[in-house]
Amino acid sequence: MNLSLSSMSERERRMVYGCGAIAVLVVIFGAILPLDRSVAQAHHRVEKKTGDLAWMRSIAPELAVSRPVRSVSKESLLVVVDRSARESDLGTSLAGSEPSGAGGLRVRLEKAPFDTLIPWLARLSEQNGIHVDSATIDSAGKPGTVNAAVVLSSH
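An account of the accompanying structure is given in this report. (Residues numbered from 1 in each chain as written. Predicted model: local features only at pLDDT ≥ 70, side-chain atom pairs only at ≥ 80, totals over all residues. Heavy atoms only, no water.)

Taking 1.5 Å per residue as the helical rise, helix 1 (residues 10–65) with its 56 residues ought to reach 82 Å, and the 82 Å between its terminal C-alpha atoms agrees with that figure. A bend of about 40° at Ile59 is the largest found in helix 1, and the proline Pro61 appears one to four places after it. (Helix = DSSP H or I, 4+ residues; strand = E, 2+ residues; numbered from the N terminus. Expected span 1.5 Å × (residues − 1). Bend = angle between axes of the 7 residues up to and from the residue.)

Written out as structure tokens, the structure reads:
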């Protein structure tokens, strides 16, 4: 069987050229352009994150010398944590608390909104000098809700 282009009829040669052109277009539009877009998006993300990192590095010295505003309170750690949790709409998620070591408190939260939990922990640190010694956070099933076991201490 001879498969050279010269042995084919004009109609068959046009079909071979047409199929070849279609194959080239499929490769260009099916593989090369999506890869190019993906690389461009990744490059854009890297540039954005590089800019964010540069900004963070520029404000790091300022943050290092600034001290958080802490309220001076004679209240127990349990009272401060309980009150601030309720103020942050986490009161219904509080499942229990118990002493943990010297001056520590282990707090359990169930079905807590993650987007509320993290800012609450940050406020405890900034406003009251209460630090997170350890935390275990697991999904509570529903998207955005978590079960958490947090060990807090005031130093």
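Next comes the rest of the write-up.
Next up on the list: the side chain of Ser153. With respect to the helices and strands, Ser153 occurs in strand 4 (residues 145–154). With residues near it in sequence (within four places) discarded, Ser153 still touches Leu77, Gly103, Gly104, Gly129, Ile130, His131 and Asp133. (Contact = heavy atoms within 4.5 Å.)

Turning our attention to the sheet that holds strand 2 (residues 104–113). The strand order across the open sheet built from 4 strands is 1-2-4-3, with neighbouring strands paired in antiparallel fashion. Only two strands of the sheet have a single partner each, and these edge strands are strand 1 (94–99) and strand 3 (130–139). The sheet shows a mean angle of 15° between the axes of neighbouring strands, direction not considered. With 9 bridges connecting them, strand 3 and strand 4 associate as antiparallel partners. Note on strand 4: the bridge partner recorded for His131 is Ser153. Lying on the sheet, helix 2 (residues 77–87) is in contact with strand 1, strand 2, strand 3 and strand 4; it crosses strand 2 at an angle near 15°. The sheet contacts of helix 3 (residues 114–128) involve strand 2, strand 3 and strand 4, and relative to strand 3 the element is tilted by about 175°. (Pairing = 2+ DSSP bridges. Axes fitted to C-alpha atoms, helices over the stretch in contact; angles between N-to-C directions.)

We now examine the pattern of salt bridges. Charged atoms that come close allow side chains of opposite charge to pair. Counted by the stated rule, this structure contains 7 salt bridges. As a salt-bridge pair, Asp52 and Lys48 come within 3.7 Å of each other at their nearest N and O atoms. Of this pair, Asp52 and Lys48 both sit in helix 1, 4 residues apart, roughly one helical turn. For Asp52, a relative accessible area of 33% gives the class partly exposed. The closest approach of N and O atoms between Asp82 and Arg86, which form a salt bridge, is 3.1 Å. (Salt bridge = Lys/Arg side-chain N within 4 Å of Asp/Glu carboxyl O. Buried < 20%, exposed > 50% of the residue type's maximum accessible area, 1.4 Å probe, protein only.)

The next subject is helix 3. Owing to its 3.6 residues per turn, the α-helix brings residues three or four apart onto one side. End to end, helix 3 covers 21 Å across 15 residues, agreeing with the expected 21 Å (1.5 Å per residue, within 8%). Of all the positions in helix 3, only Leu117, Trp120, Leu121, Leu124 and Asn128 are classed as buried. Axial view of helix 3: buried residues confined to an arc of 100°, hence all on one face. On the buried face of helix 3, the contacting elements are helix 2, strand 2, strand 3 and strand 4. Where helix 3 terminates, the next one or two residues include Gly129, which has phi positive at roughly 70°. (Arc of directions from axis to C-beta.)

Time to look at the environment of Gly51. With respect to the secondary-structure elements, Gly51 resides in helix 1. A relative accessible area of 37% means that Gly51 is categorised as partly exposed.

Moving on to the pairing of strand 1. Two elements, strand 1 and strand 2, share 5 bridges in a ladder whose sense is antiparallel. Bridge pairing links Gly96 to Arg108 in strand 2. The loop that links strand 1 with its antiparallel partner strand 2 comprises 4 residues; one of these, Gly101, has a positive phi angle of about 65°.

What follows deals with the nonpolar core. Of all hydrophobic cores here, the largest spans 18 residues; its most connected members are Val81, Leu109, Leu117, Trp120 and Leu152. Of all elements in the fold, only helix 2, strand 2, helix 3 and strand 4 reach the threshold of two or more residues within this core. Look past the residues within four positions of Val81 in its chain and what remains in contact with it is Leu105, Val107, Trp120, Ile130 and Leu152. (Core = buried A, V, L, I, M, F, W, Y, C linked by side-chain atoms within 4.5 Å.)

A word on the pairing of strand 2. In terms of strand pairing, strand 2 meets strand 4 through 8 bridges, oriented antiparallel. Pairing of Pro113 across the sheet is with Thr145, part of strand 4.

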